[in-house]
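# Overview (structure and organization)
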Amino acid sequence: MRCHITAFAVLIAVSVFGAQPAAAEKLIVSISRHQVLVTSSFTGTSIVLFGTVEPDTPTFRMRNAYDIVVTVTGPRQTLVTRRKERMFGIWANAASRTFVNVPSYLHIMANRPFDQIANTDTLRRLQGGIDYFQLPQQIGTDVADTVREDPFRVNFVRLKTEQQLYGQWPNGVTFLTPTLFRAEIRLPAEAPFGNYDADVKLFGGGNMIVRVNSAFEVVKFGFEQFVANAARDYGLLYGIATVMMALATGWFASVVFRRD
Amino acid sequence: MQIYLPIADLPVNIFLILGMGLAVGFISGMFGIGGGFLMTPLLIFVGIAPAVVVASVASHVAASSMSGAMAYWRRNAVDLALALMLLAGGILGTAAGVWLFTLLRSLDQLDLAIALSYVALLTVVGGLMINESVRAIIREQKGQPVTPRRAGAHTWVHGLPLKMRFKRSKIYVSAIPVWTIGFIIGFFGALMGIGGGFLLVPMLIYFLRVPTATVIGTSMVLTLITMASATVMHASTNHLVDAVLALILMIGGVVGAQFGARAGQNMRGERLRLLLGLLVFAVGLRFAYQVIVQPGDLYSIRLIGGM
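Residues numbered from 1 in each chain as written. Chains lettered and ligands numbered in written order. Predicted model: local features only at pLDDT ≥ 70, side-chain atom pairs only at ≥ 80, totals over all residues. Heavy atoms only, no water.

## Digging into the pattern of salt bridges
Residues and elements named next belong to chain A. Put simply, the rule is: Here a salt bridge means any side-chain nitrogen of Lys or Arg lying within 4 Å of a carboxyl oxygen belonging to Asp or Glu. Numbering goes from the N terminus for both helices and strands, where a helix is a DSSP run of H or I of at least four residues and a strand is a run of E of at least two. Accessibility here uses a 1.4 Å probe with only protein chains present; expressed as a share of the type maximum, an area under 20% marks a residue as buried, one over 50% as exposed, and anything in between as partly exposed.
Per the counting criterion, the structure on display carries 10 salt bridges over all chains. Of the charged contacts in the structure, one is a salt bridge between R112 and D67, with a shortest N-O distance of 2.9 Å. Placement of R112 in the loop between strand 7 (106-110) and helix 2 (114-117) and of D67 in strand 4 (residues 67-73) is noted, with a sequence separation of 45 residues between them. As a salt-bridge pair, E85 and R83 come within 3.4 Å of each other at their nearest N and O atoms. Judged by relative accessible area, R83 falls into the partly exposed class, the value being 22%. Taken together, the salt bridges that share partners define one network made up of D199, K201 and R211.

## Let's talk about the interface of chain B and chain A
Put simply, the rule reads: Between two residues, a contact is recorded if the distance between any of their heavy atoms is within 4.5 Å. By buried area we mean the combined loss of accessible area, with a 1.4 Å probe, across both parts when two parts are placed together. Strand pairing is assigned whenever DSSP identifies at least 2 bridges connecting the two strands.
Taken together, the 51 residues of chain B in the interface contact 51 residues of chain A. Where chain B abuts chain A, roughly 4,600 Å² becomes buried across the two surfaces, and 66% of that area is made up of carbon and sulfur atoms. Of all the secondary-structure elements, those providing two or more residues to the side of chain B that touches chain A are helix 3 (50-74), helix 5 (110-142), helix 8 (212-237), helix 9 (243-265), helix 10 (269-292) and strand 5 (299-303) of chain B. Looking at the side of chain B that touches chain A element by element, the count peaks at 11 residues for helix 9 of chain B. Where strand 5 (residues 76-87) of chain A meets strand 5 of chain B, 5 bridges bridge the pair, whose relative direction is antiparallel. Looking at strand 5 of chain B, one finds that V80 of chain A is bridged to R302 of chain B.

## Some details on the environment of G217 of chain B
All names here are of chain B. Mapped onto the elements, G217 comes out in helix 8. Once the C-alpha coordinates of G217 and L92 are considered, the two residues, 125 residues apart in sequence, prove to be 22 Å apart. Residues within four places of G217 in sequence aside, it is in contact with Y72, A77 and V78.

## Description of the domain arrangement of chain A
All names here are of chain A. Which entries qualify depends on this criterion: For each domain, the first and last residues come from an automatic or database assignment. Polar contact criterion, stated in full: a pair of N or O atoms within 3.5 Å, where within protein one must be able to donate a hydrogen and the other to accept it, and residues adjacent in sequence count only if both atoms are side-chain atoms. For this classification, the nonpolar set comprises Ala, Val, Leu, Ile, Met, Phe, Trp, Tyr, Cys and Pro, the charged set comprises Asp, Glu, Lys and Arg, and every other residue, Gly included, is treated as polar.
The domain architecture assigned to chain A consists of domain 1 (25-74 + 104-131 + 149-221) and domain 2 (222-252). With centres defined by C-alpha atoms, the gap from domain 1 to domain 2 works out at 40 Å. Listed as interface residues are 4 residues of domain 1 and, on the opposing side, 5 residues of domain 2. For the pair domain 1 and domain 2, the summed buried area comes to about 360 Å², and 53% of that belongs to carbon and sulfur atoms. At the boundary of domain 1 with domain 2, the tally comes to 0 salt bridges. Taken together, the connections running from domain 1 to domain 2 amount to 0 residue pairs in polar contact (both at pLDDT 80 or more). Split by residue class, the side of domain 1 that touches domain 2 holds 1 nonpolar, 2 polar and 1 charged.

## Describing helix 5 (residues 223-233) of chain A
Inclusion rule: The directions from the helix axis to the C-beta atoms form the arc being described.
Three or more residues of helix 5 of chain A are buried, namely E224, V227, A228, A230 and A231 of chain A. Projection of helix 5 of chain A onto a plane perpendicular to its axis shows the buried side chains occupying an angular sector of 160°, all on one side. Those residues of helix 5 of chain A that are exposed and aimed more than 90 degrees away from the buried face are F226 and R232 of chain A. Taken together, the buried residues of helix 5 of chain A touch strand 14 (207-220) and helix 6 (235-256) of chain A together with strand 1 (2-5) and helix 8 of chain B.

## A short note on the nonpolar core
Spelled out, the test is: As used here, the term nonpolar core means buried Ala, Val, Leu, Ile, Met, Phe, Trp, Tyr and Cys residues forming a set that is joined through side-chain atoms within 4.5 Å.
Ranked by size, the top nonpolar core spans 90 residues in total, and within it Y238 of chain A together with F37, L43 and F198 of chain B carry the most contacts. Sort the elements by how many residues they give to this core and helix 5 of chain B lands first, with 11 residues. Dropping the residues within four chain positions of it, Y238 of chain A is found in contact with V227, A230 and A231 of chain A together with I7, A235, V241, D242 and A243 of chain B. I31, V102, V173 and A183 of chain A belong to the second-largest nonpolar core, a separate cluster that totals 53 residues.

Here it is in structure tokens:
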């Protein structure tokens, strides 16, 4: 997939700047923090991505206006979306769909509404905007993305958006000068741990000119991480320790409040 | 003050949880029960995943039973032989409950099963308790004497084989109903996150004719052991016990229980049972409402593989 996009980008670049294929814009980006530590008091944070558009060669004539689309994806997860239905008078989980290897976190930012940056075909091809982002579902033995009006897809995105794990910000990228921009990446308290990828695409005249990638990491830190790890890796010991804690608390109370 | 629960994976207000522990502890001390049947629903209504709640409340009930059991032990009000026989069934029941819990969770029907179990169990038990205590109150007001239980009164339960003598409770009964009761308590305890004291005490009185002197102490010892083992089993199979949540609940619970016990001493037995019956019944209705009324959000997402 990525390979196709790159090939296509090259094709566009060649077709647009066919006369001088060597000369083009360069995109340079930098992220304010490459590691985010999540402690017990973590209530979400934001990190800043800076970037600049530069000419490849000094003689290259720059455009007047550029557009930027930043796609930040978190660790991939497989999730089940379930729908409740009424059966015999009670509401129970009935139909379900599995979303295979979709980003746990997906924020897409741009400097103006996506449909003004490029046409629908280009957006679809480059996954510009959540509507065009590939969210493959397991359907029978096939794994495929559905139409974007699919109720499971719509509600999956809605629930993820409510958790602030998915989001799109058509004004999330700000141009400070015609070539210098910044974007704020918002990480909610529930941001999953792992590696995040920031994919920055430069558009000009409705076509993608160049894209670069950057990455950062969200790391759980401190006591919570210790407890969560212990519960997962040493279930039996963790259970015994919890029971010991319960017995000690109960015993302590019966001694402190002894009345007879 | 917000605190992050590592297993429930969500931030909660520490004082809210502590306050709930205190309130439930007060009620549990007042009625001499563990309070799991109140704690579990409260936490579910706050928004913690039912699976995590059930697993974590088990350890909270273990703590409150521990302090209760020790008080009764010092007063010599525990029939250890009876508790151990109940336990034989109880451990099996707990294992069966944890097994069903795991199975339902994989089928994505755990939340519904928990809710339905609450509806069925609490409305029936609550209804019976209200009925019984209202009759007792009416009888008392009409001035009719309560017909005392005759020492030799037998029911069909006493006709079963494998008879055993429990000296401290002064009863001579078959081991089969003892094991069965233990199994039922262990099973529902693990599945629903309840100690089962509010079920066990009436069952021991009505079916086994255990005298009031030993019934609560014995019930607490059984609850202590089944809930402690449920905690270990939940922790090792489902990895859902939230120790931070459990600790906050325990601290609130054991403190609240002390005040509740004092309040309960000043109330008449029938009134106390009527209040408890109403409370049990109301919680049952609240769960019924939850499954019958259309939920606000028909869709839900769950991560598969791990938490």
